[in-house]
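Here are the chains, one letter per residue:
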Amino acid sequence: MVIKCEENKIDILSLTLDELTDEILKLGEKKFRAKQIFSWLHVKNVSSFSEMTNLSIQLREKLEKVFYLKPLLICKRLDSKVDNTIKYLYELSDGSHIESVVMEYSYGNTICVSTQVGCKMGCRFCASTIAGFKRNLLPSEILQQIYTAKSDSGRDISGVVLMGIGEPLDNYDNVVCFLQLLSCPDGFGMSLRHVSVSTCGIVPRIYDLSKLNLGITLSISLHAPKDKSRSEIMPINNRYHLDELMTACRSYFAHTGRRISFEYALINGHNDSYADAKNLAMLLDNFMCHVNIIPVNKIKERGYTSDRKSAYKFQQYLNELGVNATVRRTLGSDIDAACGQLRREYEVSES
């Protein structure tokens, strides 16, 4: 994806290997140079052209004139004393802020990345939407969250979830380019089976994504089993009702064979009753899926609450009704690791 950034330079980290090869040939360089440069960017994760020491000084100077490469600035790093979770607040080149969270599991480290600065979706229980939407992130800016966290923490990253700030499918083209770059065998080389993409339910994009058959896990932010209750907390449901969303989900499974995960943020008094569990079981009837129950994060601007006791009770309801459901493990509880909270607090304190 050829994107012009500052000083009308090309955003080199957003280029696929084929696109980079085309640009390098335009400079009069040999084709193999593109693979060398791609490796420096996506395997060694350098943050400047001067670090590409197997290239001539003349070529490095040429790259500096034509291409743009700027690392993310770490504004804040919070380390959990409970479970080794690390939360990063990054500053982008335009002064905007985004977050990432590195989570430690028995099978490796997974990073949760942002895809937008802010969010348009307006979900009532989410901190990311309070400050409003500013812009989409470029493929390079999504990638650099991984590369910067990997370099700073010293941890290998074995999984990625697109569940941070923003709605991934509202930034569809940049997210697809990011996935192509992340999985490129000549670069970072991550299998997309280790990647989960979350969406609140932009139905046309679910169909588009299914046609690509990328192997990712699709995660649907469901949060309510009926249109009325879902629309009260998720404005997207006014545009794409549950029947449309579920039809798209069933089509996605039919095309890809990949089991879908349904996220369910539990809110006391809103979606946590046995009747809600029965309605959810009926909605998901005969669907190969998994329900991930999430005790809703407390946000001072909102009155929503829940707790793990309620979550386990709701899980029991669903399991008795034949639905595969678990309660999400709480990570980084001592550092407010839920997405959007750190950015919002930092920008309020700086204003």
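Residues numbered from 1 in each chain as written. Predicted model: local features only at pLDDT ≥ 70, side-chain atom pairs only at ≥ 80, totals over all residues. Heavy atoms only, no water.

Trainee: So what exactly am I meant to see when it comes to helix α1 (residues 17-26) here?
Mentor: Because each turn of an α-helix spans 3.6 residues, side chains separated by three or four positions end up pointing in the same direction. Among all positions of α1, only L17, L20, T21, E23 and I24 are buried. The arc that holds the buried residues of α1, viewed along the axis, is 165 degrees, so those residues lie on one side. Residues of α1 that are exposed and point over 90 degrees away from its buried face: D18 and K26. At its buried positions, α1 is contacted by β1 (10-11), α2 (32-42), α3 (57-66) and β2 (67-68). One or two residues past the end of α1 sits G28, with phi positive at roughly 85 degrees. (Buried < 20%, exposed > 50% of the residue type's maximum accessible area, 1.4 Å probe, protein only. Helix = DSSP H or I, 4+ residues; strand = E, 2+ residues; numbered from the N terminus. Arc of directions from axis to C-beta. Contact = heavy atoms within 4.5 Å.)

Trainee: Would you mind going over the pairing of strand β9 (residues 159-162) with me for this structure?
Mentor: In regular strands, side chains alternate between the two faces of the sheet. Burial of β9 is two-sided: the residues G159 and V161 facing one way and the residues V160 and L162 facing the other way are all buried. Bridge analysis of strand β6 (residues 108-112) against β9 gives three bridges, and the strand direction is parallel. Looking at β9, one finds that C112 is bridged to V161. Note: β9 against strand β10 (residues 195-199), three bridges, orientation parallel. Directly across from V160, in β10, lies its bridge partner V195. The parallel pair β9 and β10 is bridged by helix α5 (residues 172-183), and the resulting crossover is right-handed. (Pairing = 2+ DSSP bridges. Right-handed = clockwise from strand over helix to strand, strands pointing away.)

Trainee: Looking at this model, I keep getting lost on the pattern of salt bridges. Mind explaining?
Mentor: Two side chains of opposite charge can pair, provided their charged atoms sit close to one another. In total, this model carries twelve salt bridges according to the counting rule given. Ionic pairing is found between E29 and K62, a salt bridge with its closest N-O pair at 2.9 Å. Taken together, the residues E29 in the loop between α1 and α2 and K62 in helix α3 connect sequence positions 33 residues apart. Judged by its relative accessible area of 29%, K62 is partly exposed. Sharing partners across several salt bridges, the network here consists of R77, D79 and D152. (Salt bridge = Lys/Arg side-chain N within 4 Å of Asp/Glu carboxyl O.)

Trainee: I'm lost on the environment of L222 in this one. Help?
Mentor: Relative to the helices and strands, L222 is located in the loop between β11 (217-221) and α7 (227-233). L222 sits in the buried class, given a relative accessible area of 1%. A sequence separation of 39 residues divides L222 from S261, and the C-alpha atoms of the two residues are 9.6 Å apart. Ignoring sequence-local partners within four residues, the contact set of L222 consists of R230, M234, L242, L245, F262, E263, L280 and L283.

Trainee: I would appreciate a short explanation of the pairing of strand β3 (residues 73-79) in the present structure.
Mentor: As paired strands, β3 and strand β4 (residues 86-91) are joined by six bridges and run antiparallel to one another. Residue L73 lies in a different strand from β4, and its bridge partner there is E91. In this antiparallel pair of consecutive strands, β3 and β4, the connection spans six residues, and N84 shows a positive phi of 70 degrees.

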